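Below, each chain spelled out in residue letters.
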Amino acid sequence: MAVQKLTIAKALNDSLRKALETDPKVLIMGEDVGKLGGVFRITDGLQKDFGEERVIDTPLAESGIVGTAIGLALRGYRPVVEIQFDGFVFPAYDQIVTQLAKMHARSLGTIKMPVVIRIPYAGGIGAVEHHSESPETLFAHVPGLKVVSPSNANDAYWMLQQAILSDDPVIFFEPKRRYWDKGEVDVEAIPDALHGSRVARTGTDITLAAYGPMVKVCLEAAAAAAEEGKSVEVVDLRSMSPVDFDGIQASVEKTRRLVVVHEAPVFLGVGSEIAARITERCFYHLEAPVLRVGGYHAPYPPARLEDEYLPGLDRVLDAVDRSLAY
Amino acid sequence: MAVQKLTIAKALNDSLRKALETDPKVLIMGEDVGKLGGVFRITDGLQKDFGEERVIDTPLAESGIVGTAIGLALRGYRPVVEIQFDGFVFPAYDQIVTQLAKMHARSLGTIKMPVVIRIPYAGGIGAVEHHSESPETLFAHVPGLKVVSPSNANDAYWMLQQAILSDDPVIFFEPKRRYWDKGEVDVEAIPDALHGSRVARTGTDITLAAYGPMVKVCLEAAAAAAEEGKSVEVVDLRSMSPVDFDGIQASVEKTRRLVVVHEAPVFLGVGSEIAARITERCFYHLEAPVLRVGGYHAPYPPARLEDEYLPGLDRVLDAVDRSLAY
Amino acid sequence: MTVESTAARKPRRSSGAKRPAGAASAAKAGKAAAAATAQTHVAEPQFVQLLTPEGDRVEVADNPDIAEFAPFVADITTDDLRGLYRDMVMTRRFDGEATALQRQGELGLWASLLGQEAAQIGSGRALRDDDYVFPTYREHGVAWCRGVDPTNLLGMFRGVNHGGWDPTTNNFHLYTIVIGSQTLHATGYAMGVAKDGADSAVIAYFGDGASSQGDVAEAFTFSAVYNSPVVFFCQNNQWAISEPTERQMRVPLYQRAQGFGFPGVRVDGNDVLACLAVTRWALERARRGEGPTLVEAFTYRMGAHTTSDDPTKYRRDEETAAWEAKDPILRLKAHLVATGGADEAYFQELEAESEILGKRVREVVRSMPDPDTMAIFENVYADGHALVDEERAQFAAYLASFEGGE
Amino acid sequence: MTVESTAARKPRRSSGAKRPAGAASAAKAGKAAAAATAQTHVAEPQFVQLLTPEGDRVEVADNPDIAEFAPFVADITTDDLRGLYRDMVMTRRFDGEATALQRQGELGLWASLLGQEAAQIGSGRALRDDDYVFPTYREHGVAWCRGVDPTNLLGMFRGVNHGGWDPTTNNFHLYTIVIGSQTLHATGYAMGVAKDGADSAVIAYFGDGASSQGDVAEAFTFSAVYNSPVVFFCQNNQWAISEPTERQMRVPLYQRAQGFGFPGVRVDGNDVLACLAVTRWALERARRGEGPTLVEAFTYRMGAHTTSDDPTKYRRDEETAAWEAKDPILRLKAHLVATGGADEAYFQELEAESEILGKRVREVVRSMPDPDTMAIFENVYADGHALVDEERAQFAAYLASFEGGE
Ligand SMILES: Cc1ncc(C[n+]2csc(CCOP(=O)(O)OP(=O)(O)O)c2C)c(N)n1
Ligand SMILES: Cc1ncc(C[n+]2csc(CCOP(=O)(O)OP(=O)(O)O)c2C)c(N)n1
Ligand SMILES: [Mg+2]
Ligand SMILES: [Mg+2]
């Protein structure tokens, strides 16, 4: 059956299974990805079916995981690495930034680095410190990396397929609080381009641009705004490197107003680049400055404060109102 | 003698010496900072005069250097860490981002982290890979860190004094290609605030905002533009976290045009945040979108290409012209 | 000039024969490798033990290898033993209470120390007040020894803070979640102790999984090079979430120290007396200026990794059952009973006391207030930051816009 | 159950006595610590040596410890010896030429291997074509053995590229500048070799300084856990820029392997024959499926760290002079002369040959073109990237705006 209703978690699991089946060079690596199936069960059952040589429980050392994945890629493998939580990617940051991202250029194109790094990210699950962060800027700023994040099950399935097929390193951010959200997955459809945006809802008065976990919030905000007679377009960016500026521009040329929403701190968040570039592209179109809603310049707070910290319906609508007030 | 003509390198050396003299808790740590005095000789002579217990040659391990500096800070010391080159800070990135930056908040304010991390950064010296990078975004985006960069000898002296006195962790970016530029240092003057900007040249037609190595380029561009009858104001930002938006705003409200210049890649460079925020603050003042001149979305190139990669006089003037053309 | 470990001498794939060719046999090779790995798991390890699982004292005459350590508990009286017992019982009670509170939704998460009481109380009681402790996230028993109010540990698991105690009050650092990081902090702190000319010592806790992190190796290097007064105390509880120690190491961890130039000792981590003795010994070395020591406490995580974990996915009940027989509390109880060190009245009294602790923990947690919203912006910086000020003001205005409005 | 190194047994500060109190005596304590550290520096290390500095063969009868390794060069003929000698001479000549070219401004930087020829040629010649090499930035001799055209090494030092050879052609990876990183790449590659069922081996080069990096320890852990066919080849050249090995380690490095569960060997790094034997032995272990090995080649960096460095700031001339007496090339020459393995004609021929190499290197470098400006945007991604495309187009337009303009 081509179309199934799946959670994002299951869609990712199916996607990994498909990749393991299709290409013997695909490997899964990470902490607890084997018997346990990962702390979020995204790799559930894969070691059982594909063996310890292809679904590899690694020592507890992120630099080691990414560093050996690079070596495996040099040997012709296509490792799909799982980092257990957003806050634990930093021990691997050196390998990612100085080696993985640069190897292709360093080798004048002779070496390819088909490595996917899956990172469950962002907040909303009431977790302890280091388990709720949104570090996408720290990867999107780095030339040589590609950075994407699906917001729904179909994208989860397909974008992961495409990331694994890509000959470039892809940082694949999974919106962990949406893992259990269900959506239709068409495993036979021709998917959208990995780095293109998608209009998730059409509207005429203002554009909301978001990715990953915030797309749902923006869709809810658009629905709420509709009740007040405001027509909000929602663009699901899907890719943070590259960003589909043409897609955003097309929407903004129509609506003339833009609010970017993400969980990451606003200061130097992906929204800053979008604001800067869209302002440059649409200087005479914009009726209001591009506004941004995001995290604050503070460490991700204790769980009991995360609802206040995270952009929610009210804060998005507040920004919509402020933009429309111009 | 209060006013001396010093190179930036010597000003930094004097500043470290002063700090070691003034506060017995100040320590210098890093690779080759002892007998060698650092590869740029910024710590020259300090181990000889203050001993191995205060000027510490460390094992070759950046995570270890910053991690032990954190421990020393917990014990009441004020470590000033040297990272040998920009490209080698990444092994320490985990300690900086997950520990150093968050310790104060994690402890509800009971712990202070007076650690300075000095990083010679940016290009222009014809070096091999990893020796010419501008990773400031990767620190400025992180709540809990402060990020500064002097552009001249007087600031080098004073900003380092202030950074060492600060109870917060400060990433201190030193523009390595300017190390040998001379300037007047007044060791008795009351210095500017560490995080305030400085108008380096006044003008009325357009504002250039820059920091560190690019201030000189902007001043040269301003001089060249003056010959063509354009009055360019140059703002030396000095601090990238926090950014002195009030200072930039004041200038832009006057000139109505802004170009931000840095060596770091434009995409999610500090300029993106400045463009986004100044556009928001000065939406009705700006005659042109904020333009940015910076590095490309490509690994820092081999030395023979760096002159093309780096923003130089021509590229800055080109942006000035493009802005004025609006 | 050649150093070879026994394990390394054993060929890990079939020796002599070529490896299976082609990817098809990869799965087979994987199984073989796994089997070979399992062999290295030391079922009956050699370690310092002073109290058998049955509660009998091991004498130096029984095992000369303990001669170096036994003197370090020669001063321990029956009263002291009761104290250690009480610490373990209270800790376990607290821990059980926290687990229950998590199930009731009062805590978001709990990392239980069940089974590791002896390792924590034994090492924790070896410390002097002026020593400094760097825990992981599981050192509730050590916190207890340091005099940290146990309810203070719960804030971060409830989600009201990231660390609810002042580390300087009890020289007990905040819990560190990023695996291995704290070993470097401990090393740096110990470098500072030495610089100060103090004779305090520092102890860094970490797990078997953590031993794989580069930071831990760097901590070994720095402490060796600077000869810092630090004890690296690894609780090898056999598991890093779902991964057995074979996924982290090929030979027993305590051996790693030698290659960095300092001693390593394996101790029965379920024997509180042995843990006390070995930790005292290691701390004394540190105080005397002899530098770092690695202590591997061989113990077992009786429960799940955390309340979010489901160990049935990856480990067998028999294993857990086997370790139950080595329970650290039962063993000391057996000893106290057999030697007449404590009677039924004592145990009942303790039961009552732990009941009171449990009640207090429940009450304190349930009444723990949520932090003020504006706390988001507090303590980001010690000296202030313009952006934080701006965002705080904007947020306050935003919140105010709802008041009295609509 | 206890492992103690000899060094660790020696108290590092005055044993028994308390540390000096107060910060005032910190400097004194520092000096004492430094002195203690210096003691551990092994002046006359025990290592595998097959050829003395005077050029005499060491026989197993002289030193039974070499029995395990000597058979690995039993097949070496006089012709082979001449080949090794030629490799070292050509490598040194190339290296000297590069240093000269740097002084003339043709290269931006050069990292000389002067003094390390035996370690590199000995290990490099132990490799099979299908083995894979992960070098640092100094393995010019190994590159030579792999058949990489030496002039290709110069591009990155001239600043025309970041690595001017196709690593897959000669199974010789690009130079890695970030210290220690490549040891993990080697480990991963070796994991892949094992998965493929191949009997190739992998060798990772690194320095004494690099041994402090966490990545190297993680490489040890991964290779031990997965039993990967990798040889970790450390050229301990006594210095990491200005820091002597005492700033990196407290006991000889080769001992570190044992604590990770695999063998470590120290070899005379200035003895090309011993390096060949020990590397062959280690590679054989890898091929047989016995997993990783650590080889510490005890050698010396005769020159500066790089052409940017000034070693007079930190090391004494006597030290360098002492090592000159152990020169790897002179020693093999003495042996060849003494055994009649080569005559003056041979040496003259070689001199002429190296002259030709020198000339070619000069010519190639001087005519090495600068890269095209647009190369900035090439090979950032394999599959393209919209932003790079946009920036490339903008830059091209910008450049075009100057042409014919103004
Ligand atoms: C750097 C990092 N990576 C991953 C994690 C997720 N994680 C938390 S605990 C744990 C296992 C730790 O095992 P061990 O060190 O043996 O300690 P134990 O939990 O058994 O006490 C992991 C992988 C983390 N906290 N930090
Ligand atoms: C991560 C990192 N930190 C610092 C440097 C700067 N650096 C280049 S070489 C070097 C010393 C290396 O010493 P060693 O490992 O002994 O190798 P050797 O140069 O002696 O061959 C240093 C500190 C670097 N390249 N990478
Ligand atoms: Mg464990
Ligand atoms: Mg060296």
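Here, every reference points to the structure presented above.
What this report covers is the structure whose coordinates are included nearby. The structure displayed is predicted, hence computed values, not measured ones. (Residues numbered from 1 in each chain as written. Chains lettered and ligands numbered in written order. Predicted model: local features only at pLDDT ≥ 70, side-chain atom pairs only at ≥ 80, totals over all residues. Heavy atoms only, no water.)

1. A word on the sheet that holds strand 10 (residues 206–210) of chain A
What links the strands of a sheet is backbone hydrogen bonding, and the strands pair in either a parallel or an antiparallel sense. All names here are of chain A. Ordered by their spatial adjacency, five strands build an open sheet running 9-11-10-13-14, and the pairing between neighbours is mixed. In this open sheet, the two strands that pair with only one neighbour each are strand 9 (198–201) and strand 14 (291–295). The average undirected angle you get between the axes of adjacent strands in this sheet is 25 degrees. Judged from the four bridges that link them, strand 13 (residues 258–265) and strand 14 form a sheet pairing that is parallel. Residue pairing in the sheet places P265 in a bridge with G295 of strand 14. Where helix 12 (residues 313–324) meets the sheet, its contacts fall on strand 10, strand 13 and strand 14, and the angle it forms with strand 14 comes to roughly 165 degrees. (Pairing = 2+ DSSP bridges. Helix = DSSP H or I, 4+ residues; strand = E, 2+ residues; numbered from the N terminus. Axes fitted to C-alpha atoms, helices over the stretch in contact; angles between N-to-C directions. Contact = heavy atoms within 4.5 Å.)

2. Quick word on the site of ligand 2
Close contacts around ligand 2 come from 20 residues, with E62(B), Y137(D), R138(D), G209(D) and W239(D) the closest. More than a single chain frames ligand 2: its nearby residues are located in chains B and D. D208(D) has a polar side-chain atom sitting 2.9 Å from an oxygen atom of ligand 2. Here N237(D) contributes a side-chain N or O atom positioned 2.9 Å from an oxygen atom of ligand 2. Here ligand 2 loses 95% of its free accessible area of 580 Å² to cover by the protein chains. (Near = heavy atom within 4 Å. Polar contact = N/O pair within 3.5 Å; in protein donor to acceptor, adjacent residues only side chain to side chain. Areas by Shrake-Rupley, 256 points an atom, 1.4 Å probe, with all protein chains shown as cover.)

3. Quick notes on the coordination of the magnesium ion (ligand 4)
Residue and element names in this part refer to chain D. Distances from the magnesium ion (ligand 4) to its protein donors, D208 (OD), N237 (OD1) and W239 (O), fall within 2.1 Å. Along the chain, the residues that donate to the magnesium ion (ligand 4) are spaced as D-x28-N-x1-W. Here D208, found in the loop between strand 3 (202–207) and helix 9 (214–226), pairs with N237, found in the loop between strand 4 (230–236) and strand 5 (239–240); they are 29 residues apart in sequence, far enough to count as distant. Residue classification places N237 among the buried residues on the basis of a relative accessible area of 6%. (Donors = N, O, S within 2.8 Å, 3.2 Å for Na, K, Ca; no water. Buried < 20%, exposed > 50% of the residue type's maximum accessible area, 1.4 Å probe, protein only.)

4. A closer look at the site of ligand 1
Taken together, 20 residues sit near ligand 1, with E62(A), Y137(C), R138(C), I177(C) and W239(C) positioned nearest. Residue neighbours of ligand 1 fall on chains A and C, so the site bridges chains. Here a nitrogen atom of ligand 1 and a side-chain polar atom of E62(A) are 2.5 Å apart. Between an oxygen atom of ligand 1 and a side-chain N or O atom of Y137(C), the distance comes to 2.7 Å. Relative to its unbound accessible area of 580 Å², ligand 1 is 95% covered by the protein chains.

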